[in-house]
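Residue-level listing of the chains:
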Amino acid sequence: MNFIVKLLQCLFCWRIKPDSEEKVKNADVIIGQSFGLRQDGPGKSNEALAKIVRGLNEKYKIPLVLQWEIADCLPDLPIFYVTKEHRIKGEYLDTYEVLFQAKTICKKRGWKKAIILAHSDHHWRCMMVAKKLEFELIAIDTSSVPYDELSTQSWTKSVIRFIPREIVARIVYLLTDRI
């Protein structure tokens, strides 16, 4: 795909169409990407993502590879792997790093078909990174996941704060060949 098309997608692609239940039930793994954080816990965005994970787990019993903010909301579930920190000490645990670690874990198990779980405004970039990492993508509806006005990450407090940052992040990811 040429650069201009990818750049236009970075600017204008926002909603991911959910896949069929047939495709979802054949997933190998659920990979959960957190969204924000509160000083006193995971916050309502991650709690909403955890609620989706719980529903999928109850219905399909698919292995879970989750970022820690989501995993903390699910202490009673068997989580295969929790991403807690960047491989390089002190580096920010970003979208690419979470999915890179997930890919490393999944490759060892032969898991390729991945449900990529993320806030709906973050979902497109997560899906494009996962595609670049050669996952077979499965999308679900995450439109019920809210922003958290009490998040310690200012960009995850509202759509007005998130979208400009997300556009810049997408362009950086495009220029660094991560999508």
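Heads up: the structure comes first, above all this text.
Every value quoted in this text rests on a predicted model; they were computed, and no experiment measured them.

Rules of the game
Residues numbered from 1 in each chain as written. Predicted model: local features only at pLDDT ≥ 70, side-chain atom pairs only at ≥ 80, totals over all residues. Heavy atoms only, no water. 1 Å grid on protein atoms, 1.4 Å probe; cavity = no way out; pocket = protein on both sides within 12 Å on 5 of 7 lines; lining within 4 Å. Points joined across faces, edges and corners; volume = space filled by probe spheres on them. Helix = DSSP H or I, 4+ residues; strand = E, 2+ residues; numbered from the N terminus. Nonpolar A, V, L, I, M, F, W, Y, C, P; charged D, E, K, R; others polar. Core = buried A, V, L, I, M, F, W, Y, C linked by side-chain atoms within 4.5 Å. Buried < 20%, exposed > 50% of the residue type's maximum accessible area, 1.4 Å probe, protein only. Contact = heavy atoms within 4.5 Å. Salt bridge = Lys/Arg side-chain N within 4 Å of Asp/Glu carboxyl O.

Student: I tried to follow the layout of surface pockets on my own but got confused; where do I start?
Tutor: Summary: where empty space remains is shown by rolling a probe the size of a single water molecule over the atoms. Roughly 370 Å³ of internal volume is contained in the largest pocket. Every residue lining the largest pocket is counted, 22 residues in all, and those nearest its centre are Tyr92, Leu93, Asp94, Gln153 and Trp155. Taken together, the elements giving at least two residues each to the lining of the largest pocket come down to helix H4 (68–71), helix H5 (95–109), helix H6 (120–132) and helix H7 (159–175). The biggest single contributor to the lining of the largest pocket is H7, with four residues. Its residues assigned to classes, the lining of the largest pocket comprises ten nonpolar, eight polar and four charged.

Student: Explain the nonpolar core here, please?
Tutor: One broad rule of soluble globular proteins: the nonpolar side chains tend to lie buried together. The biggest cluster of nonpolar side chains holds 27 residues, and the ones touching the most others in it are Leu56 and Ile115. Residue assignment for this core shows that the elements contributing at least two residues are helix H3 (44–60), strand S2 (64–67), H4, strand S4 (113–117) and H7. In this structure isoleucine 115 touches Val24, Ala27, Val29, Ile30, Ile31, Leu56, Ile62, Ile138 and Ile140, once residues within four positions along its chain are discounted.

Student: Looking at this model, I keep getting lost on the pattern of salt bridges. Mind explaining?
Tutor: Once the charged atoms of two side chains with opposite charge are near each other, the side chains can pair. On inspection of all chains with the given rule, the structure shows twelve salt bridges. Between aspartate 148 and arginine 38 there is a salt bridge, and its shortest N-O distance comes to 2.8 Å. You can see aspartate 148 sitting in the loop between strand S5 (136–139) and H7 and its partner arginine 38 sitting in the loop between strand S1 (29–32) and H3, a full 110 residues away along the chain. The shortest N-O distance in the salt bridge between lysine 44 and glutamate 149 comes to 3.0 Å.

These figures come from the coordinates and say nothing about function on their own.
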